[in-house]
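Structure assessment
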Amino acid sequence: MTKHNRAFWLFVGPFAAGLLVFVYVPIGWSLLLSFFDARNTVTPSEFVGLRNYADMLTDGPFLSSLGTFSLFALFIVPLTFVLALALALLVNQIGFMQAFFRSVFFLPTACSYVVAALVWKLSIFNGLRSGLANTVLGWFGADPVAWTVSTSPPWYWLVLVTLRLWLQLGFYMILFIAGLQRIPRVLYEAAALDGARPWQSLRFVTLPQLRTTSIAVLLLLLIGAYQAFDEFYNVLGTDRGYPPFARPPLIYLYYTALGSGGQDFGHGSAGAVILAVLIVGVTLLQGRVVRR
């Protein structure tokens, strides 16, 4: 082994070992458990084949949870994409204090999802007159709103979507700014010489040049929406459990595998595999559609 190879494995080895032990081994073991009846144990016991998958695909609450995360993705993905792109365009055009504005918008990304969820739940949308949202409504003579428990209309979506927007908007703005700064200025100069207006430069120069960045952003947004857990669990969960009206797949699988009614790792693992396959399928389909 050469000196360069030893140096490579010295730096990469610990991370590769951690990735193997804490990511790939659990994924493989979960896939194995999905074919067994594993209750109250992570050791496979009785082989059941595809029965766990059939049970999950015909399970009403699990299918309902898939609908919940689809609705969440329908809200959060286009909103984040459009707002992050708009912020990136504005910040990229600023001729002064650009680094300051990038930092201000990116700062919420460093905040914990759990901490932000508790702030949203206990301070901004706590359902009391003293909450920030209800205080603002009171200025206009409106009655207080029980934001996290109201299902008609479902105001809890406003809480969840604004929380996720605040946390992730700055990260995707930075990605778009990086894409914008890679666009050659000569393209805009050529468009200006041809008499292109600002919106035409945006449509025919900026957006086509951002295609690769846009695909990456959409993929990350979809995967993140599918994996939503912290904000749902901490905003809507109570000491009496979790309400079924807005239960995403990860929370349903959490209760299936670790619930008080018995630990069912077989069905929980099968549901996790189904969710992973669905994420991969939708991601590949979305990538192909955007490329076209």
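Everything discussed here concerns the structure shown above.
Below is a summary of the structure that appears in this document. In this text, all values refer to a predicted model and were calculated from it rather than measured experimentally.

Attention now goes to the overall build of the protein. When you go through the protein residue by residue, the secondary structure sums to 13 helices and two strands. Once the C-alpha set of the protein is aligned to its principal axes, its extents read approximately 75 × 75 × 40 Å. Scored against the burial criterion, the 292 residues of the protein give a buried share of 38%. In the protein, the share of contacts with a sequence separation of at least 24, taken over all contacts with a separation of at least 6, comes to 65%. In the form shown here, the protein has an accessible surface area of approximately 17,100 Å², with 69% of it arising from carbon and sulfur atoms. Looking at charge distribution, the protein has the averaged site of its 18 positive side-chain charges lying 14 Å from that of its 11 negative ones.

Considering only enclosed or pocket space, the largest pocket measures out at about 530 Å³ in volume. Counting residues per element, the ones that place at least two in the lining of the largest pocket are helix 1 (3–33), helix 12 (249–258) and helix 13 (265–291). Tallying contributions element by element places helix 13 first for the lining of the largest pocket, with eight residues. Of the residues assigned to the lining of the largest pocket, the class counts are 16 nonpolar, four polar and no charged. There is about 270 Å³ of room inside the second largest pocket. Taken together, 14 residues form the lining of the second largest pocket, with Gln93, Tyr188, Pro198, Ser201 and Thr206 sitting closest to its centre. Looking at the lining of the second largest pocket, the elements that each hand over two or more residues are helix 3 (60–93), helix 8 (185–193) and helix 9 (198–209).

Okay, the packing of helix 5 (residues 113–124) against helix 7 (residues 156–181) next. Between two packed helices, what matters for the description is the angle formed by their axes and the separation of those axes. Their axes nearest at 10 Å, the elements helix 5 and helix 7 cross at an angle of 135 degrees. By the criterion of interaxial angle, the relationship of helix 5 to helix 7 is oblique. Here helix 5 runs over helix 7; the crossing is right-handed. Each of Tyr113, Ala116, Ala117 and Trp120 in helix 5 lies in contact with helix 7, whose residues at this interface are Val159, Thr162, Leu163, Arg164, Trp166, Leu167 and Gln168. Within the contact of helix 5 with helix 7, the residues separate by chemical class into eight nonpolar, two polar and one charged.

Here we take up the side chain of asparagine 134. When you line up the elements, asparagine 134 lands in helix 6 (residues 132–139). Among the polar contacts made by the side chain of asparagine 134, one reaches the main-chain carbonyl oxygen of leucine 128 at a distance of 2.9 Å.

Moving on: helix 7. Taking 1.5 Å per residue as the helical rise, helix 7 with its 26 residues ought to reach 38 Å, and the 38 Å between its terminal C-alpha atoms agrees with that figure. Glutamine 168 marks where helix 7 bends most, by close to 40 degrees.

Attention now goes to the environment of leucine 163. Following the sequence through the fold, leucine 163 ends up in helix 7. Here the alpha-carbon distance between leucine 163 and valine 21, two residues 142 residues apart in the chain, equals 33 Å. Those residues within four positions of leucine 163 in sequence are excluded, and the remaining contacts are Ala116, Ala117, Trp120, Glu231 and Val235.

A few words on the side chain of aspartate 37. Summarising the element assignment, aspartate 37 is placed in strand 1 (residues 36–37). In contact with aspartate 37, not counting residues within four places along its chain, are Ser45, Glu46, Val48 and Arg51.

On the surface, a cluster of nonpolar side chains totalling about 800 Å² of accessible area is made up of Leu19, Leu20, Val21, Phe22, Val23, Tyr24, Val25 and Ile27. Residue class for phenylalanine 22 comes out exposed when judged on its relative accessible area of 68%.

Let's shift gears to helix 5. For helix 5, the full list of buried residues reads Ala116, Ala117, Trp120 and Ile124. Across the axial projection of helix 5, the buried residues extend over an arc of 105 degrees, all falling on one side. Looking at the packing, one finds that the buried side of helix 5 touches helix 6, helix 7 and helix 11 (230–236). Taking the backbone nitrogen of valine 114 as reference, a side-chain oxygen 3.2 Å away marks serine 112 as the first, capping residue of helix 5.

Calculation rules
- Residues numbered from 1 in each chain as written.
- Predicted model: local features only at pLDDT ≥ 70, side-chain atom pairs only at ≥ 80, totals over all residues.
- Heavy atoms only, no water.
- Helix = DSSP H or I, 4+ residues; strand = E, 2+ residues; numbered from the N terminus.
- Buried < 20%, exposed > 50% of the residue type's maximum accessible area, 1.4 Å probe, protein only.
- Contact = heavy atoms within 4.5 Å.
- Areas by Shrake-Rupley, 256 points an atom, 1.4 Å probe, with all protein chains shown as cover.
- Lys, Arg positive; Asp, Glu negative; His and termini not counted.
- Charge placed at Lys NZ, Arg CZ, Asp CG, Glu CD.
- 1 Å grid on protein atoms, 1.4 Å probe; cavity = no way out; pocket = protein on both sides within 12 Å on 5 of 7 lines; lining within 4 Å.
- Points joined across faces, edges and corners; volume = space filled by probe spheres on them.
- Nonpolar A, V, L, I, M, F, W, Y, C, P; charged D, E, K, R; others polar.
- Axes fitted to C-alpha atoms, helices over the stretch in contact; angles between N-to-C directions.
- Parallel < 35°, antiparallel > 145°, perpendicular 65-115°, else oblique.
- Left-handed = near helix turned anticlockwise from the far one by under 90°.
- Polar contact = N/O pair within 3.5 Å; in protein donor to acceptor, adjacent residues only side chain to side chain.
- Expected span 1.5 Å × (residues − 1).
- Bend = angle between axes of the 7 residues up to and from the residue.
- Patch = residues over 30% accessible without salt bridge, like charges linked within 9 Å, V, L, I, M, F, W, Y side chains within 5 Å.
- Salt bridge = Lys/Arg side-chain N within 4 Å of Asp/Glu carboxyl O.
- Arc of directions from axis to C-beta.

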